[in-house]
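# Report on the structure
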Amino acid sequence: MSALLQAEGLDLRFGAVRALDGVAISIWPGEVVAIVGESGSGKSSLLRVLAGMQRADAGAVLYRDAAGATHSVLDASDAALRRLMRSDWGFVHQNARDALRMEVSAGGNVGERLMAAGDRHYGHIREVAAHWLERVEMDPARMDESPKNFSGGMQQRLQIARTLVTNPRLVFMDEPTGGLDVSVQARLLDLIRGLVADLGLAVLLVTHDIAAARLLAHRIVVMRHGQVVEEGLTDRVLDDPQHPYTQLLVSSVLAA
Amino acid sequence: MIMLQAQGLQKSFTLHLQGGIAMAVLRNVDITLRAGECVALAGPSGAGKSTLMRCLYGNYGCDGGSIHLRHHGAMVDIAAADARQMREVRRDTLGYVSQFLRVIPRVPSLDIVAEPMRARGVPLEEARARAAALLTRLNMPPSLHGLPPATFSGGEQQRVNLARGFAAAHPVLLIDEPTASLDAANAAVVIALIEEAKAAGQAIIGIFHDLPVRERVADRLLHIEPVCEPA
């Protein structure tokens, strides 16, 4: 077995700001890795670089596909990246509206990804879409409604259904529960936890929510000022933090 | 057969938010654990018994020393293992019943107990049946099996935790205060579970403040002395 995605020496500058400063990270099949850190630590930039949405100034990102072929994400053409995003990857945005098409029905939002992946049978697409709405705990009877009618939590669940319908091997998630009510967050986290375990997905999760990271992640990567300051088993990083910044981060969490 | 051998374990904590104070907790701890035996950690409160357990489980990182564990037939130094190796070790070889259950929201007790078996590939129905049998044996009525333990009493949560720890039958099991909030009838069940695990060849390291329980299950005591010098 080898890593699904492996990155080394990533540098990225925005003017004088070093968003990424020599970052190395890897993710293995079936592994959930949380990238935590405060706003401006570079965690979202890292996710965008790994997913090919942002070019780094230096470094390498290698993705190994199901057939064992290696793709250099930083050198891939836009068309090749779109192909990977359709077939192998998924991306869950913090704001569901960035991913959903609001003028298309809920079922259409899910079915669209299947069609992009080559499915042409309308009845089958509709059936799979209904199945996925159920898996994310939505009423399939609402599949013809516009997502505009949905609450924030439901839109996020729809985005997750849309992402997972093509059976991705690697899912990038950027603050998937950010901006939602706490009760909605808990249900969504539990939904994600169940789906990830059932499907054996590899997930790279960016979050500033330490409790979410503890619940979902096998491994934690702590970022500060564009650098990885600490990483390891989730419970070890949170219960025996070594770096001063990680100690600050962990000690700042309110116990419910 | 030696299942676990720790040598020269060291652990200190550096509190960066308190001006970098260093506290030495473990100094040169050695343990040898064989299949089918139970070693009880003894020593005053604060001596580092729970810290040692957490180091053995990889929850705390050691500053020095080695922990060789028989994993998939070979001795592996888990003090030097990376996160992925440690996950595999915890799935297949090393179990831990902590003092408190860390509750996962909305997950029914039955699935919490079945989860370590599921991770090892035991089919769902079989894992649930074994989970239900263990919960029932620990006097948890079937009406509670489908509920998340968040609203349970301390003793009920501890029994869910114990069922989860014993269900997976790891070759090496770490148990921290298994009877602390249990009544005599449930403590007797725990004693029986430990004796059965030993008879089946499982090796156990435990902390038992309940001395009659310790007398019953422990083959040897390992004294942990508080470290008095600074780190």
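Attention now goes to helix 2 (residues 78-87) of chain A. Since the α-helix advances by 3.6 residues per turn, residues separated by three or four positions end up pointing in the same direction. Residue and element names in this part refer to chain A. Of all the positions in helix 2, only A80, L81, L84 and M85 are classed as buried. Along the axis of helix 2, the buried positions cluster into a sector of 140°, meaning they face one direction only. Opposite the packed face of helix 2, turned more than 90 degrees from it, sit the exposed residues D78 and R82. Looking at the buried residues of helix 2, the elements they touch are strand 4 (58-64), strand 6 (89-92) and helix 3 (106-116).

Mapping T207(A) onto the fold places it in strand 8 (residues 202-207). Here D209(A) takes part through its backbone nitrogen, which lies 2.9 Å from a polar atom of the side chain of T207(A).

So, on to the pattern of salt bridges. Between side chains of opposite charge, a pair can form as their charged atoms come close. Throughout the structure, instances matching the rule amount to 22 salt bridges over all chains. In this structure, D239(A) engages R214(A) in a salt bridge whose closest nitrogen and oxygen atoms are separated by 2.8 Å. With D239(A) in helix 8 (residues 234-239) and R214(A) in helix 7 (residues 210-216), this residue pair connects regions lying 25 residues apart in the sequence. Given a relative accessible area of 25%, R214(A) falls into the partly exposed group. A salt bridge links D235(A) to R90(B); the shortest N-O distance between them is 2.6 Å. Note that D235(A) is positioned in helix 8 and R90(B) in helix 2 (residues 83-92), a pairing that runs across two chains. Using a relative accessible area of 18% as the deciding quantity, one classes D235(A) as buried. A cluster of three or more residues bridged by salt bridges with shared partners is formed by R101(A), E103(A), E112(A) and R162(A).

The mixed open sheet is built from six strands, whose spatial order is 6-7-8-3-9-10 (chain A). If you trace the sheet from one side to the other, it starts and ends with strand 6 and strand 10 (227-233) of chain A, each paired once. Sheet twist, expressed as the mean angle between neighbouring strand axes with direction ignored, is 15°. Examined bridge by bridge, strand 3 (residues 32-36) of chain A and strand 9 (residues 219-224) of chain A share four bridges and lie parallel to one another. Bridge pairing in strand 9 of chain A links V33(A) to R219(A). Across the face of the sheet, helix 1 (residues 43-50) of chain A comes into contact with strand 3, strand 6, strand 7 (170-174), strand 8 and strand 9 of chain A while running at roughly 150° to strand 8 of chain A. Contacts from helix 2 of chain B reach strand 9 and strand 10 of chain A, with the element oriented near 15° to strand 10 of chain A.

Residues and elements named next belong to chain A. The assigned domain composition of chain A is domain 1 (1-88 + 168-256) and domain 2 (96-167). Distance from the C-alpha centre of domain 1 to the C-alpha centre of domain 2: 25 Å. Of the residues lining the interface, 17 residues belong to domain 1; the matching set on domain 2 comes to 16 residues. Interface area, domain 1 with domain 2, both sides summed: about 1400 Å², of which 66% is carbon and sulfur. Considering only the surface of domain 1 that becomes buried against domain 2, R86, P168 and L191 emerge as the three largest contributors, covering 37% of it. At the boundary of domain 1 with domain 2, the tally comes to two salt bridges. Notably, a salt bridge pairs D198 with R135, separated by 3.6 Å at the nearest N-O pair. Listed by contribution, the elements that provide at least two residues to the side of domain 1 that touches domain 2 are helix 2 and helix 6 (182-199). Top contributing element to the side of domain 1 that touches domain 2 by residue count: helix 6, with eight residues.

Let us now look at the sheet that holds strand 1 (residues 5-14) of chain A. Residues and elements named next belong to chain A. The four strands are arranged 2-1-4-5 in an open sheet whose pairing can be described as antiparallel. Both edges of this open sheet fall to strand 2 (17-27) and strand 5 (70-72), since each of them pairs with a single strand only. The average undirected angle you get between the axes of adjacent strands in this sheet is 25°. With three bridges connecting them, strand 4 and strand 5 associate as antiparallel partners. The partner of R64 across the bridge, within strand 5, is T70. Packed onto the sheet, helix 1 meets strand 1, strand 2 and strand 4 and runs at close to 120° relative to strand 1.

All names here are of chain A. Packing of helix 5 (residues 152-164) against helix 6 leaves a shortest axis separation of 10 Å and a crossing angle of 15°. Of the possible angle classes, the one that applies to helix 5 and helix 6 is roughly parallel. In this structure, the crossing between helix 5 and helix 6 has a hand that is right-handed. The residues of helix 6 that touch helix 5, namely those facing G153, Q156, R157, I160 and L164, are V184, L188, L191, I192, L195 and L199. Of the residues assigned to the contact of helix 5 with helix 6, the class counts are eight nonpolar, two polar and one charged.

What counts, and at which threshold
- Residues numbered from 1 in each chain as written.
- Chains lettered and ligands numbered in written order.
- Predicted model: local features only at pLDDT ≥ 70, side-chain atom pairs only at ≥ 80, totals over all residues.
- Heavy atoms only, no water.
- Buried < 20%, exposed > 50% of the residue type's maximum accessible area, 1.4 Å probe, protein only.
- Helix = DSSP H or I, 4+ residues; strand = E, 2+ residues; numbered from the N terminus.
- Arc of directions from axis to C-beta.
- Contact = heavy atoms within 4.5 Å.
- Polar contact = N/O pair within 3.5 Å; in protein donor to acceptor, adjacent residues only side chain to side chain.
- Salt bridge = Lys/Arg side-chain N within 4 Å of Asp/Glu carboxyl O.
- Pairing = 2+ DSSP bridges.
- Axes fitted to C-alpha atoms, helices over the stretch in contact; angles between N-to-C directions.
- Domains from an automatic or database assignment.
- Buried area = accessible area lost by both parts, 1.4 Å probe.
- Parallel < 35°, antiparallel > 145°, perpendicular 65-115°, else oblique.
- Left-handed = near helix turned anticlockwise from the far one by under 90°.
- Nonpolar A, V, L, I, M, F, W, Y, C, P; charged D, E, K, R; others polar.

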